[in-house]
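# Topology and contacts: notes
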Amino acid sequence: MSETIEGQAHRRGRTWVTHLAEHGVYAHGRTLRAAEANAVEGLELVGVSAEVTLTPVTPELERLRAADDVREQALRAAVHSLALRRTTRRDIVLATRAPAWLVKQILAEQAKKDDSPPPAESATTAEDIV
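Values in this document were obtained by computation on a predicted structure and should not be read as measured data. (Residues numbered from 1 in each chain as written. Predicted model: local features only at pLDDT ≥ 70, side-chain atom pairs only at ≥ 80, totals over all residues. Heavy atoms only, no water.)

## A look at helix α1 (residues 32-45)
What counts is decided by this rule: Secondary structure counts use DSSP, requiring at least four H or I residues in a row for a helix and at least two E residues in a row for a strand, with both numbered from the N terminus. Under the convention used throughout, the expected extent of a helix is 1.5 Å for every residue step, that is, one less than its residue count. Only protein chains enter the accessibility calculation, which uses a 1.4 Å probe. A residue is then buried if its area is under 20% of the maximum for its type, exposed if over 50%, and partly exposed in between. What the arc describes is the spread of directions from the helix axis to the C-beta atoms.
Helix length check: α1 (14 residues) gives 20 Å between terminal C-alpha atoms against 20 Å at 1.5 Å per residue, within 8%. Taken together, the buried positions of α1 are Ala35, Glu36, Ala39, Val40, Gly42 and Leu43. Along α1, the residues classed as buried sweep out an arc of 165° about the axis, all on the same side. Opposite the packed face of α1, turned more than 90 degrees from it, sit the exposed residues Arg33 and Leu45. Where α1 terminates, the next one or two residues include Gly47, which has phi positive at roughly 85°.

## Details of the confidence of the model for the protein
Operational definition: What pLDDT expresses is the predictor's confidence in each residue, scored from 0 to 100. Working rule for contacts: check all heavy atoms of both residues, and any pair within 4.5 Å makes them a contact.
Summarising the model, the protein shows a mean pLDDT of 88, and 87% of its residues fall at 70 or more. Of the regions scoring below 50 in pLDDT, residues 124-130 engages in four contacts with residues more than four places distant in sequence or in other chains.

## Some thoughts on the packing of helix α3 (residues 89-96) against helix α4 (residues 100-114)
How we decide: For helices, the fitted axis covers only the stretch in contact; all axes are lines through C-alpha atoms, and the angles between them, taken along N-to-C directions, range from 0 to 180 degrees. In what follows, roughly perpendicular refers to angles from 65 to 115 degrees, roughly parallel to angles under 35, roughly antiparallel to angles over 145, and oblique to any angle outside these ranges. We call a crossing left-handed when the near helix sits turned anticlockwise from the far one by less than a right angle, and right-handed when that turn is clockwise.
Packing of α3 against α4 brings their axes to within 9 Å, and their N-to-C directions diverge by 120°. With respect to their mutual orientation, α3 and α4 come out oblique. For the element pair α3 and α4, the recorded crossing hand is right-handed. Between α3 and α4, the residues in contact are Arg89, Ile92, Val93 and Thr96 and Ala100, Val103, Lys104 and Leu107, respectively.

## Comments concerning α3
At 3.6 residues per turn, the α-helix brings residues three or four places apart onto the same side. Along α3, the positions that sit buried rather than exposed are Arg89, Ile92, Val93 and Thr96. For α3, the buried positions fall inside an angular range of 100° around the axis, keeping them on one side. Those residues of α3 that are exposed and angled more than 90 degrees off the buried face are Leu94 and Ala95. Here the buried face of α3 lies against α2 (59-84) and α4.

## Considering the sheet that holds strand β3 (residues 25-29)
Cut-off, in case you're wondering: When DSSP finds at least two bridges between two strands, those strands are taken to pair.
Spatial strand order, β3-β2-β1-β4: four strands in an open sheet with mixed pairing. Looking at which strands have only one partner, the edges of the open sheet turn out to be β3 and β4 (50-57). Direction aside, the axes of adjacent strands within the sheet are offset by 30° on average. Pairing analysis gives five bridges linking strand β2 (residues 15-20) to β3, with the strands arranged antiparallel.

## Here's the deal with unusual backbone geometry
The residue Arg86 is not glycine, and still its phi comes out positive at about 60°. A residue is classified by how much of its surface remains accessible, and Arg86, at 69% relative accessible area, is exposed. In this structure, Arg97 is a non-glycine residue whose phi angle is positive, near 60°. Looking at the secondary structure, you find Arg97 in the loop between α3 and α4.

What follows is the structure, encoded as C-alpha cells:
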C-alpha cells in the first residue's frame, strides 16, 4: 500500500459514512477507524490497494478548524511582533502560552524568511527560578 486516498466522513445517525467517488466506493463504520477499514476493503474489491485517510466533516468541526487557523495566524503575528521588540524566546513562550517547540519553529521559519537572527536566550536569573 503505497498510495493514500483521502476522503471526507459525514455523520449519519450513529455511523460515519464516506463516498470515494473516484473509485465508486461507499464505506461506513461506527468509528472513523472502522469506516477507514471498510473503505480499504471496498477499494480492494475494485482492485485498488491503498491506505485511506478520512477527515470527519460537520459544521461544528469546520468552525473549529477555522478557529484553529485564525489562532495560528494570530500566534505567528504575536511571535513576530515580540521578536521584533527583541523579546527573549522564554518570554515569548510565557506571553503567548504556546509550547516552546512551536515558538522556536515559528522563529526559525521567520529567520529563514527574513534572514534575521532569532531572539537570544536569556540567562537564568533568580526571577526565572521563582
